[in-house]
Amino acid sequence: MSEIKIKSADFDDPDVQVLVTANLRDLSERYGGTGDDTPISGKDFTPPNGAFFVASLDGKLIGSAGWRRHGSSDAELKRMFTLSAARGRGVARRMLATIEESARDAGCRRVVLETGDKQPEAIALYESAGYVRIPDFGFYRGHEGVLSYAKVL
């Protein structure tokens with residue numbers, strides 16, 4: 001039986017960008033447009049002000065998640081994604097735990113995130129992991145269908 005491995009990664013790595021592109025395509029299919037216009041760069045995920053992680057199975061990237069500092073004590077979850085063929089294996093839950101641990105180790109006290117109402121699987125994951133709704137805060141603040149969440153670490 002193959003084991004899912006999680007490791008830190010460079011957001012700008014071409015292999016990681018293939019996964020990010022798949023994430024944006026998934027969001028575009030759900031919401032239209034480019035999927036997500038939030039300004040993001042590889043520098044956002046540079047420790048100690050952020051980190052980016054990938055999950056792999058048999059050497060193939062199947063999931064990703066990163067966090068970037070938001071204010072002085074929050075970590076903002078970004079680019080959380082699992083390929084459809086790898087869903088249902090607990091990848092996202094493990095990635096979320098990795099993000100929380102990394103952010104906590106960097107001195108963050110809370111993880112915040114934006115998601116949308118057309119991502120019921122993400123909403124279910126976040127709520128089951130202890131995230132609670134907060135006022136909208138990010139790039140999509142005020143947009144129809146945006147849902148913002150936070151979890152104290």
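Residues numbered from 1 in each chain as written. Predicted model: local features only at pLDDT ≥ 70, side-chain atom pairs only at ≥ 80, totals over all residues. Heavy atoms only, no water.

Asker: Tell me about helix α3 (residues 120–128), residues and numbers included.
Answerer: Listed as buried for α3 are Ala122, Ile123, Leu125 and Tyr126. Mapping the buried residues of α3 onto a view down its axis gives an arc of 165 degrees, with all of them on the same face. Elements that come into contact with the buried residues of α3 comprise β4 (74–82), α2 (91–105), β5 (110–116) and β7 (146–152). Phi turns positive, to about 95 degrees, at Gly130, one or two residues after α3. (Buried < 20%, exposed > 50% of the residue type's maximum accessible area, 1.4 Å probe, protein only. Helix = DSSP H or I, 4+ residues; strand = E, 2+ residues; numbered from the N terminus. Arc of directions from axis to C-beta. Contact = heavy atoms within 4.5 Å.)

Asker: Run through the sheet that holds strand β1 (residues 4–8), naming residues and quoting values.
Answerer: Pairing is mixed in the open sheet, where seven strands are placed in the order β1-β2-β3-β4-β5-β7-β6. Across the chains shown, the open sheet's two edge strands, defined by having one partner strand only, are β1 and β6 (132–134). Within the sheet, the average angular offset between the axes of one strand and its neighbour, ignoring direction, is 30 degrees. Those strands touched by helix α1 (residues 14–31) are β2 (50–57), β3 (60–70), β4 and β5, and its axis lies near 85 degrees from that of β4. Contacting β1, β2, β3, β4, β5 and β7, α2 runs over the sheet at an angle of about 35 degrees to β3. (Pairing = 2+ DSSP bridges. Axes fitted to C-alpha atoms, helices over the stretch in contact; angles between N-to-C directions.)

Asker: Describe the packing of aromatic side chains, naming the residues involved and giving the relevant values.
Answerer: Remark: the centre distance and the inter-plane angle together describe each pair of aromatic rings, the angle taken between the planes. For the structure on display, the rule yields five aromatic pairs. Summarising the aromatic geometry, the rings of Tyr126 and Tyr149 are spaced 6.4 Å apart at their centres and angled 45 degrees between planes, so their arrangement reads as tilted. Of this pair, Tyr126 sits in helix α3 while Tyr149 sits in strand β7; the two residues are 23 residues apart in sequence, bridging distant segments of the chain. The same class applies to Tyr126 as to Tyr149, namely buried. Feature note: the residues Phe11, Phe45 and Phe52 constitute an aromatic cluster, connected by ring pairs. Here the guanidinium or amino end of Arg133 rests over the ring plane of Tyr149, the centre of that ring lying 5.8 Å away. (Phe/Tyr/Trp six-rings, centres within 6.5 Å; stacked < 30°, edge-to-face > 60°. Lys NZ or Arg CZ within 6 Å of the ring centre and 35° of its normal.)

Asker: Pulling in residues and values, what's your account of the pairing of β4?
Answerer: Strand residues, when the strand is regular, have side chains that alternate between the two faces of the sheet. Summarising burial for β4: nine of the nine residues are buried, a large majority. Where β3 meets β4, seven bridges bridge the pair, whose relative direction is antiparallel. From the neighbouring strand, Ser64 faces β4, where its bridge partner is Phe81. Counting the residues between successive antiparallel strands, the hairpin from β3 to β4 contains three residues, one of them, Gly71, with a positive phi of roughly 75 degrees.

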